[in-house]
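These are the residues of each chain, in order.
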Amino acid sequence: MNQKKADPNNKTVAENRKARFSYEVLDTVEAGLALTGTEVKSLRQGQANIQESYASVEGGEIWLINSYVPEYLQANRFNHEPRRRRKLLLNKREMARLAQSVEREGMTMVPLKIYFNDKGRAKLLLAVAKGKKLHDKRETEKQRDWAREKGRLLKERG
C-alpha cells in the first residue's frame, strides 16, 4: 500500500543507445556535470543529445565534448552555447583510474545517458569501453535476434 510516486526529478534526459552496439562496455562511472542555469532548465524539459559526444582527459580533468543541450528559449541574452565543452565532476581517484584505462590501447570514454538523480542533480553515466569490430557487431545482432525469436517461440508454445 505504501507505493512510491514517480519522482519527476529522477528521469532520463538523453540516452546514447548506439553506444552499446558500437562499443563493448567494460566499466561505468556516475559523474556530475558542471552546468549553467539555462542548461539545467533545458535538460529539465528533456532536451539533449549525446549521440556523437565523447569524454576526453585534458589537463588532469575530464571533459564532455560535442554534447548538445539546446538553448533555453526564455533565457534570451543569458543563454549558453549549445555545443560547449562541459566539465565532468569526479573525484581524483576516479579521474586517475579513467585516465589510466584510456591510455591502454583501444579504450575510450563514452557517455551512455544523462539523467537526474534522487536529489535532482544532473548526472552522466560514463562508460569505459572498447570499440567493437564489424564481426563483433554482427555477433551481437545475431544474439539479439535469436533472443527475440526464442521469446516468440516460448510465447506461442505456452
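Structure shown above.
Residues numbered from 1 in each chain as written. Predicted model: local features only at pLDDT ≥ 70, side-chain atom pairs only at ≥ 80, totals over all residues. Heavy atoms only, no water.

**Some details on helix 2 (residues 37-44)**
- Along helix 2, the positions that sit buried rather than exposed are Thr-38, Glu-39, Ser-42 and Leu-43. What you see down the axis of helix 2 is that its buried residues fit within an arc of 140°, all on one side.
- Just downstream of helix 2 lies Gly-46, where phi reads positive at about 80°. (Buried < 20%, exposed > 50% of the residue type's maximum accessible area, 1.4 Å probe, protein only. Helix = DSSP H or I, 4+ residues; strand = E, 2+ residues; numbered from the N terminus. Arc of directions from axis to C-beta.)

**Re the packing of aromatic side chains**
- If you walk through the whole model with that rule in mind, you get zero aromatic pairs.
- Taking the ring centre of Tyr-115 as reference, the NZ or CZ of Lys-113 above it sits at 5.3 Å. (Phe/Tyr/Trp six-rings, centres within 6.5 Å; stacked < 30°, edge-to-face > 60°. Lys NZ or Arg CZ within 6 Å of the ring centre and 35° of its normal.)

**With respect to the pairing of strand 2 (residues 23-33)**
- In this structure, strand 2 lies alongside strand 7 (residues 122-131), joined through nine bridges in antiparallel fashion. Each residue of the ladder has a partner; that of Val-29, found in strand 7, is Leu-126. (Pairing = 2+ DSSP bridges.)

**Regarding the pairing of strand 7**
- Counting buried positions along strand 7 yields eight of ten residues, so the element is predominantly enclosed.
- Across nine bridges, strand 6 (residues 107-116) lies against strand 7 in antiparallel orientation. Bridge pairing in strand 7 places Ile-114 opposite Leu-124.

**Quick look at the nonpolar core**
- Counting 23 residues, the largest nonpolar core has Ile-62, Leu-88, Leu-98 and Ile-114 as its most contacted members.
- Elements supplying a minimum of two residues to this core: strand 1 (12-15), strand 2, strand 4 (61-65), helix 3 (92-103), strand 6 and strand 7.
- Not counting residues up to four positions away in its chain, the partners in contact with Leu-88 are Ala-31, Gly-32, Leu-33, Ala-55, Ile-62, Trp-63, Leu-64, Leu-124 and Leu-126.
- Counting seven residues, the second-largest nonpolar core is a separate cluster that includes Ala-19, Val-110, Tyr-115 and Ala-129. (Core = buried A, V, L, I, M, F, W, Y, C linked by side-chain atoms within 4.5 Å. Contact = heavy atoms within 4.5 Å.)

**Quick word on unusual backbone geometry**
- Look at Asn-66: it is not a glycine, yet its phi comes out positive at around 70°.
- Of note, Asn-66 is situated in the loop between strand 4 and strand 5 (86-89).
- The partly exposed category is assigned to Asn-66, whose relative accessible area is 29%.

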